[in-house]
Every structure is written in structure tokens, then in C-alpha cells.
Amino acid sequence: MRLSNGTVDTLMSDFLSKSGGVAVIDGGLATELERHGADLNDPLWSAKCLLTSSDLVRQVHLDYLEAGADILITASYQATIQGFEAKGFSQEESEAMLKRSVDIAREARDVYYERCRESSTDSGGDGRILKHRPILVAASVGSYGAYLADGSEYSGDYGDAMNLEFLKSFHRRRVQVLAESGADLIAFETVPNKLEAQAYAELLDEGINIPAWFSFNSKDGVNVVSGDSLTECATIADSCQKVVAVGINCTPPRFISGLIQSIKKVTDKPILIYPNSGETYDAELKQWVKNTGVPDVDFVSYVNKWCEIGASLVGGCCRTTPNTIRAIFRTLPTRSVSISPA
């Protein structure tokens, strides 16, 4: 669903205007799939469910919409043509699964709109939010490090031999397929270094016809995870005409305010933030360290501050849930006025 026939420049501004000035991004997908019993111990991670559990992916998308999310991020973060081919699929089959990730999110949106039409109120009475509103589908593109499945998207260290042309070649066809899949925009997520940001920006200038956002991650509240300057990375995003928002994801909530301030120094584009729960991920054990995170009530207590200092798209990343997103929706004064409490 396109908001209008407007240009790339107007899509996000129109969307934010219709969302009351602040839009809500969904929460963690892979960790929510695991919470429902999915086994994601696989190089494809959440993309494995495109092969085995598409109904569950659709249900999690729907849960987020009923929690108040305005943007669904597809299950394609770790879905790559190279990753599918390593599992024995052809290029054609691999491209079809990329498209399928977008189809599933669009199907969830259609089901949600039907439930809104059938409901006589904006609330399902059980905490569900059934309010017809613009909803965007963002096709997720994870970094090269996510494909490697070795935790290097949390370090940005691809080795000294890595270069711009290799990264562009690795991502090119995947980006083209997702751009033609019916998504409303592309979400370049957890971007770990300046080189990959530059690769994405140059790919977008190769005839990609939908907008995108760039979302970086940080582990020190100052730089992106590779140690590259966040302001330099955000400047690359700012200089790309197809980029309609820039921000931070999969980063502890305590760092977000300072990172927003840094991004504001180099761009006037909308700022998006969707932190993780604050828990620590152990890349060797491939699991989240328990009891290191922020409870929902504390996570949500940050939200209005983030909006006050410049964020206009807010959601959650790993280990956040529909309950987190519902709490964000309810704490935003422009969004919750017509929603009765659960």
C-alpha cells in the first residue's frame, strides 16, 4: 500500500503526518519467533521460518499490528540469495523466498485491515488495537556480517581484504529483488561500518525505485560497532537522496539519547530508533545473556524523551515483544487518545 503517488522525498513526511508526527516500528521478530517455539539455530536465522513456518511469521506480524505498530519489518534480515543457495536452492527459488518475506507482511496487513473493518471500536477489548491507519512494509536487509552468521554484524570487522565493490556485488541482486517485491521501503538494518553504508548508498543510486532507511548499531554510545564515526556514517545516509530516515537499532536503550543528538548534527531527515532490550548477545554461544536487559516499563520510560529530542520513528529490536510495542503506542500522546485501556 503506497500512501500516495508522491516522490521518495514525500513518502516519509506524508506517513509521519498521518501518524500524528511519530510512527511506531514493530519489535523483535526472530526473538519473538523463538518465544513461540521456532528453532532458529541456523545460518538463515529468522529467514529459516520462510521455509518452515510462514504462518507463524504472519502471526507475529499481526501481533505487532494489533499492538499498535505502523511499520512491519520483514523476515529477510538474514535472507540472502547466497545463504539460500548454500542450502541447495536455485537462484530463482532464493529470489522467490525474498519476495515471499514481503508477501507475508503484506498479507498480515490485509488481515489486520479486515479485522479493523469488522470491529466497531478502535480496541479489541483484550488489549488489541484495531485502528485503521497507514501501515508500511519495510523489506529488511541485514549486513554482510549477518550472512556470515558469526556475530560480525556486531563488530563490523570483515577483515582487511574487504572492499566496496565486493559488498555491492554481494548485496546487489537481493536489493533489486526486494525493491521490486511490493514493499514500501527498504530497511538497511544494523549497519556496522562506514564501508557497508557507502555500498548501500551507491546501490540505491543504481535505479532502485523505492525509498530506504539506514539504521546503524553502537555498543559504546559514540561510534558504530566497528569504531567508525557515527556522524560520518549518518552523513553518508544524509547524502543519499533515496534515504528517507536514518537512525539506530539493536543498541542498548541507555545509549540512544546521545546517539540521536549525534545524528541530528549531520541530517535533517527523520530519525528512527528501535533499540534492543539492553540484553547482551554472546556471539560464541549464540544466545542472549539473561538478566542483563531493561524491563518494558523502563524501556518505555525513555520513549517520550527520545521523541522530544528528535526521534520520529520509535520501536524495538531484539528481545522486545508486542507488549513493548503496545506500551510505546500507549505512551505516545498523539497515538493513544482514542484507544481504551486493556
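As a starting point, this report considers the structure included with it. (Residues numbered from 1 in each chain as written. Predicted model: local features only at pLDDT ≥ 70, side-chain atom pairs only at ≥ 80, totals over all residues. Heavy atoms only, no water.)

Moving on to the packing of helix α6 (residues 91–118) against helix α8 (residues 164–179). Between α6 and α8, whose axes approach to 9 Å, the crossing angle comes to 45°. Judged by the inter-axis angle, α6 sits oblique to α8. In terms of crossing hand, the pair formed by α6 and α8 is right-handed. For the pair formed by α6 and α8, the contact residues are Gln91, Glu95, Leu98, Lys99, Ser101 and Val102 on the first element and Arg173, Arg174, Val177 and Leu178 on the second. Partitioning the contact of α6 with α8 into residue classes produces four nonpolar, two polar and four charged. (Axes fitted to C-alpha atoms, helices over the stretch in contact; angles between N-to-C directions. Helix = DSSP H or I, 4+ residues; strand = E, 2+ residues; numbered from the N terminus. Parallel < 35°, antiparallel > 145°, perpendicular 65-115°, else oblique. Left-handed = near helix turned anticlockwise from the far one by under 90°. Contact = heavy atoms within 4.5 Å. Nonpolar A, V, L, I, M, F, W, Y, C, P; charged D, E, K, R; others polar.)

Right, let's get into the sheet that holds strand β6 (residues 243–249). With respect to topology, eight strands assemble into an open sheet ordered β1-β10-β7-β6-β5-β4-β3-β2, the strand pairing being parallel. Either end of the sheet is taken by a strand with one partner, and the two such strands are β1 (23–24) and β2 (71–73). Sheet topology places β2 next to strand β3 (residues 136–141); three bridges connect them, and they run parallel. Of the residues in β3, the one forming a bridge with Leu72 is Val137. Its contacts with the sheet place helix α9 (residues 194–204) against β3, β4 (185–191), β5 (212–216) and β6, and it is angled at close to 180° to β5. (Pairing = 2+ DSSP bridges.)

What follows is about the environment of Ala69. Mapping Ala69 onto the fold places it in the loop between α4 (54–66) and β2. Since its relative accessible area comes to 0%, Ala69 is described here as buried. For the pair Ala69 and Ala23, spaced 46 residues apart in the sequence, the C-alpha separation amounts to 7.8 Å. Not counting residues within four places of it along the chain, the set of residues in contact with Ala69 comprises Val24, Ile25, Asp26, Tyr64, Arg133, Ile135 and Ile325. (Buried < 20%, exposed > 50% of the residue type's maximum accessible area, 1.4 Å probe, protein only.)

The next subject is the pattern of salt bridges. Two side chains with opposite charge may pair up if their charged atoms get near one another. Counted according to the given criterion, the structure contains 14 salt bridges. Put simply, Arg58 and Asp55 hold a salt bridge, and the shortest N to O gap is 2.8 Å. You can see Arg58 and its partner Asp55 sitting in helix α4, three residues apart, about one turn around the helix. Residue classification places Arg58 among the buried positions, given a relative accessible area of 18%. In this structure, a network of salt bridges that share partners links the residues Asp55, Arg58, Arg100 and Glu107. (Salt bridge = Lys/Arg side-chain N within 4 Å of Asp/Glu carboxyl O.)

What follows deals with the pairing of strand β10 (residues 311–314). Bridge count between β1 and β10: two bridges; the pairing is parallel. Bridge pairing in β10 places Val24 opposite Val314.

In the structure shown here, the tally under the stated rule is 14 aromatic pairs. Between Tyr144 and Tyr158 the ring centres are 5.3 Å apart and the planes differ by 85°, which places this aromatic pair in the edge-to-face class. With Tyr144 in helix α7 (residues 144–148) and Tyr158 in the loop between α7 and α8, this residue pair connects regions lying 14 residues apart in the sequence. Across the pair, exposure class does not vary: Tyr144 and Tyr158 are buried alike. Joined through ring pairs, the aromatic side chains of Tyr144, Tyr147, Tyr158, Phe166 and Phe170 make up one cluster. (Phe/Tyr/Trp six-rings, centres within 6.5 Å; stacked < 30°, edge-to-face > 60°.)

Looking only at helix α10 (residues 230–239), the buried set comprises Leu230, Cys233, Ala234, Ile236 and Ala237. Buried residues in α10, looked at end-on, bunch into an arc of 150°, giving them a common side. In this structure, the buried residues of α10 make contact with α9, β5, β6 and α11 (256–264). (Arc of directions from axis to C-beta.)

Structurally, the position occupied by Ala75 is in the loop between β2 and α5 (81–86). Looking at Ala75, the relative accessible area reads 0%, which means it is buried. Sequence spacing of Ala75 and Lys48 is 27 residues, and the spatial spacing of their C-alpha atoms is 9.0 Å. Residues in contact with Ala75, not counting those within four places in the same chain, are Leu29, Ser46, Ala47, Leu50, Val57 and Ser101.

A word on the side chain of Ser312. Structurally, Ser312 is set in strand β10. Take Ser312: its relative accessible area is 12%, and that puts it in the buried class. When sequence neighbours within four positions are dropped, the list of residues in contact with Ser312 reads Leu16, Gly21, Val22, Ala23, Pro270 and Ile271.

Time to look at unusual backbone geometry. You will see that Ala149, though not glycine, has its phi angle at about 55°, which is positive. Of note, Ala149 is situated in the loop between α7 and α8. A positive phi angle, close to 50°, is found at Thr190, a residue other than glycine. You can see Thr190 is positioned in strand β4.

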